[in-house]
Structure formats: structure tokens, C-alpha cells
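Listed below are the residues making up each chain.
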Amino acid sequence: PLRNMGAALSPFNAWVVMKGLETLALRVKAESAAALELATWLEAHPGVARVHYPGLSSHPQHALAMQQQSAGGAVVSFVVKGGREAAWKLINATQLVSITANLGDVKSTITHPATTTHGRVAPDVRERAGIVEGLVRVAVGLEYVADVQADLAAGLALLD
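These figures come from a predicted structure and were not determined experimentally.

Caption draft 1: Layout of the overall build of the protein. If you tally the helices and strands in the protein, you get 7 helices and 5 strands. The order of helices and strands in the protein, counted from the N terminus, is α-α-α-β-α-β-α-β-β-α-β-α. Along the longest, intermediate and shortest principal axes, the C-alpha atoms of the protein span 50 × 35 × 35 Å. Across the 160 residues in the protein, those meeting the buried criterion constitute 33%. Residue pairs at least 24 apart in sequence account for 65% of intrachain contacts in the protein once pairs closer than 6 positions are excluded. Of the roughly 9,500 Å² of accessible surface on the protein, a fraction of 59% belongs to carbon and sulfur atoms. The averaged location of the 13 negative side-chain charges in the protein is 8 Å from the averaged location of its 13 positive side-chain charges.

Structure below.
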């Protein structure tokens, strides 16, 4: 159908999208604030080698990001010490945060980019792009950020 008729939503799905747009600004603002809090917490965690989040003043392109946008967004990436094995220990330990490669949900999600979204990219190309084996990506949703931190903390505790 997509090939013959183009990308067209059903009337109901179009209505759902329109209803979602009514609260989009509020959701993005809340998710971005929670992501900044989570990124700050992760940056101080001893099990985390590096945090990638443009809302952090430590990010190399923080000034540019803040000129172009009002917040850092809802996606936080970080590198855990211990590589792929450590990343998967953390991911598998989560109970609140859902394991998926999707972004933009009201529920926080977590993924391992090297084996999901970038799994078909050659390892040397991934490495040059910073998609290392210990990289974990969290798309922050609308949960209470302390609950997300507690969920990640339980997984990070397994890495000690």
C-alpha cells in the first residue's frame, strides 16, 4: 500500500497525532529537564566513563547547542566502564526503563547502539563515530527522574 498510495494516515491516526501535538511542547520541556538531571547524575557516577549530552556545560559543543535550542533534548548517551559486557549488564538489569531502539516515547527507553541502531555499521566506522561497545543510549520519558536514576543505579551497581 505504501508504494502505490503513499504515506497516508487513517483519519483516526491523524486525530491521535493532532491531539499529541497539543502537549508536545510541555512533554519536550519536561523530558529535557529530566534528561539534564539524569546526565548530571551520570557524569558524577564512578561507573560511567563519559556522558554525551549537549545540555551539560562539559559537552564540547554546549555553547553552540544552547545558541540553537533552548534545552539539551531528551536523549542522553553515556559510556560505561567495561565495554559491551558492562553495557548489557546495565541494560538487562533495568526494570522501569524499557529496552528498545525507539525514541520519543513518554516512557524512558534504553538501547545499546553498537548492536541495535548501528549494528550493521562496520566496527571501525562505529568506533570513529564514537559508537563504542560501552555506549548506552537513554531516551528520557516523563517518569519521575529519581525513579529512572534508581533503575540505572541498580544496573550500574552490578559493574563494580
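Caption draft 2: Expanded view of the sheet that holds strand 3 (residues 98–99). Reading across the sheet, the 5 strands line up as 1-2-5-4-3 and stay open at both edges, with mixed pairing between neighbours. Edge positions in the open sheet fall to strand 1 (48–52) and strand 3, since each of these has one partner strand only.

Caption draft 3: The nonpolar core, seen in detail. Core analysis: the largest hydrophobic core is formed by 25 residues, its most contacted members being Leu38, Leu42, Val51, Val76 and Phe78. Among the secondary structure elements, those contributing two or more residues to this core are helix 3 (24–43), strand 1, strand 2 (75–80), helix 5 (83–93), strand 5 (135–139) and helix 7 (145–157).

Caption draft 4: The arrangement of the pattern of salt bridges in detail. Summed over the entire model, instances satisfying the criterion amount to 5 salt bridges. Here Glu85 makes a salt bridge to Lys89, at a shortest N to O gap of 3.9 Å. Highlighted residues: Glu85 and Lys89, both in helix 5, separated by 4 residues, approximately one helical turn. Each of Arg84, Arg126 and Glu133 takes part in salt bridges that share partners, so that together they form one network.

Caption draft 5: Seen up close, the environment of Ser57. Topologically, Ser57 is positioned in the loop between strand 1 and helix 4 (62–68). Accessibility expressed as a relative area gives 66% for Ser57, which makes it exposed. Considered as a pair, Ser57 and Asp160 are 103 residues apart in the sequence and their alpha carbons are 27 Å apart.

Caption draft 6: Fine view of the side chain of Ser77. The residue Ser77 is located in strand 2 in this model. On the accessibility criterion, Ser77 (15% relative accessible area) is buried. Beyond its immediate sequence surroundings of up to four residues, Ser77 is in contact with Arg50, Val51, His52, Leu135, Val136 and Arg137.

Caption draft 7: Local environment of a nonpolar patch on the surface. A contiguous nonpolar patch, built from Leu9, Val17, Met18, Leu21, Leu24 and Val28 and spanning about 550 Å² of accessible area, is present on the exposed surface. For the nonpolar patch, the secondary structure elements donating two or more residues are helix 2 (11–22) and helix 3. Take Leu24: it is sitting in helix 3.

Definitions and cut-offs
- Residue numbers run consecutively from 1 along every chain, following the written order of its sequence.
- Whole-chain, interface and lining totals are the exception, using all residues; otherwise, since this is a predicted model, local features are given only for residues with pLDDT of at least 70 and side-chain atom pairs are given and counted only at 80 or more.
- For side-chain calculations, the full set of non-hydrogen atoms in the structure is used, while hydrogens and water are omitted.
- Only runs of H or I of at least four residues qualify as helices and only runs of E of at least two qualify as strands under DSSP, and these elements are numbered from the N terminus.
- Note on exposure labels: buried denotes an accessible area under 20% of the residue type's maximum, exposed denotes more than 50%, and partly exposed covers the range between, all computed with a 1.4 Å probe on protein chains only.
- Contacts: residue pairs with any heavy atoms within 4.5 Å of one another.
- Computed with a 1.4 Å probe, the accessible areas rest on the Shrake-Rupley method; for each residue, only the protein chains presented here act as cover.
- Note on charges: Lys and Arg go in the positive column, Asp and Glu in the negative column, and His and the chain ends are not counted at all.
- Where a charge lies is defined by one atom per residue type, namely NZ (Lys), CZ (Arg), CG (Asp) and CD (Glu).
- Think of it this way: DSSP has to see at least two bridges between two strands before they count as a pair.
- Here, nonpolar core means buried Ala, Val, Leu, Ile, Met, Phe, Trp, Tyr and Cys residues that are tied together by side-chain atoms lying within 4.5 Å of each other.
- Any carboxyl oxygen of Asp or Glu that lies within 4 Å of a side-chain nitrogen of Lys or Arg is treated as forming a salt bridge with it.
- For patch building, the residue pool is restricted to those with more than 30% relative accessible area and no salt bridge; the joining distance is 9 Å between like charges and 5 Å between nonpolar side chains (Val, Leu, Ile, Met, Phe, Trp, Tyr).

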